[in-house]
Amino acid sequence: MIPSDPVMLLSFINLKLRDYYGSLDILCEDMDLSKSEIEEKLAAIDYHYNRERNQFV
């Protein structure tokens, strides 16, 4: 279960990307999550995935 609050989701996803996953695609596949849903929720608080940094900024 992932956090529903966008700010908590941001922290959760960036932690997972930093510590465990080499890309958002791999994280979503491994955790069976919708990449577009995560991107939409975080875009609502003006955060977007940066592939080079492998985090939402």
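Conventions used here
Residues numbered from 1 in each chain as written. Predicted model: local features only at pLDDT ≥ 70, side-chain atom pairs only at ≥ 80, totals over all residues. Heavy atoms only, no water. Axes fitted to C-alpha atoms, helices over the stretch in contact; angles between N-to-C directions. Helix = DSSP H or I, 4+ residues; strand = E, 2+ residues; numbered from the N terminus. Parallel < 35°, antiparallel > 145°, perpendicular 65-115°, else oblique. Contact = heavy atoms within 4.5 Å. Nonpolar A, V, L, I, M, F, W, Y, C, P; charged D, E, K, R; others polar. Buried < 20%, exposed > 50% of the residue type's maximum accessible area, 1.4 Å probe, protein only. Arc of directions from axis to C-beta. Phe/Tyr/Trp six-rings, centres within 6.5 Å; stacked < 30°, edge-to-face > 60°. Salt bridge = Lys/Arg side-chain N within 4 Å of Asp/Glu carboxyl O.

## So, the packing of helix H1 (residues 6-19) against helix H2 (residues 24-31)
Helix-helix packing: each pair is described by the crossing angle between the helix axes and the interaxial distance.
Part 1 of the argument: In the contact formed by H1 and H2, the axes pass within 10 Å of each other and the chain directions differ by 105°. As the angle between them shows, H1 and H2 are arranged roughly perpendicular. Contacts between H1 and H2 involve Phe12, Ile13, Lys16 and Leu17 on the former and, on the latter, Leu24, Leu27 and Met31.
Part 2 of the argument: A breakdown of the residues in the contact of H1 with H2 according to their chemical character gives 6 nonpolar, no polar and 1 charged.

## Quick notes on H2
Part 1 of the argument: Buried within H2 we find Leu24, Leu27 and Cys28. An end-on view of H2 places all buried positions within 95° of arc, on one side of the element. Away from its buried face, by an angle of more than 90 degrees, H2 presents the exposed residues Glu29 and Asp30.
Part 2 of the argument: Residues of H2 that are buried sit in contact with H1, helix H3 (35-43), strand E1 (49-50) and strand E2 (55-56).
Part 3 of the argument: The first or second residue beyond H2 is aspartate 32, which carries a positive phi of 55°.

## Things to note about the packing of aromatic side chains
Part 1 of the argument: The final tally for this structure, using the stated rule, is 1 aromatic pair.
Part 2 of the argument: A centroid spacing of 5.5 Å and a plane angle of 55° characterise the contact between tyrosine 49 and phenylalanine 56, whose relative ring orientation is tilted. In terms of burial, tyrosine 49 and phenylalanine 56 fall into one category: buried.

## Comments concerning the pattern of salt bridges
Part 1 of the argument: The final tally for this structure, using the stated rule, is 3 salt bridges.
Part 2 of the argument: Across the salt bridge formed by glutamate 37 and lysine 41, the nearest N and O atoms sit 3.4 Å from each other. With glutamate 37 and lysine 41 both in helix H3 and 4 residues apart, the pair spans about one turn of that helix.
Part 3 of the argument: Look at glutamate 37 and you get partly exposed, because its relative accessible area is 41%.
Part 4 of the argument: Classification of lysine 41 by relative accessible area gives partly exposed; the value is 28%.

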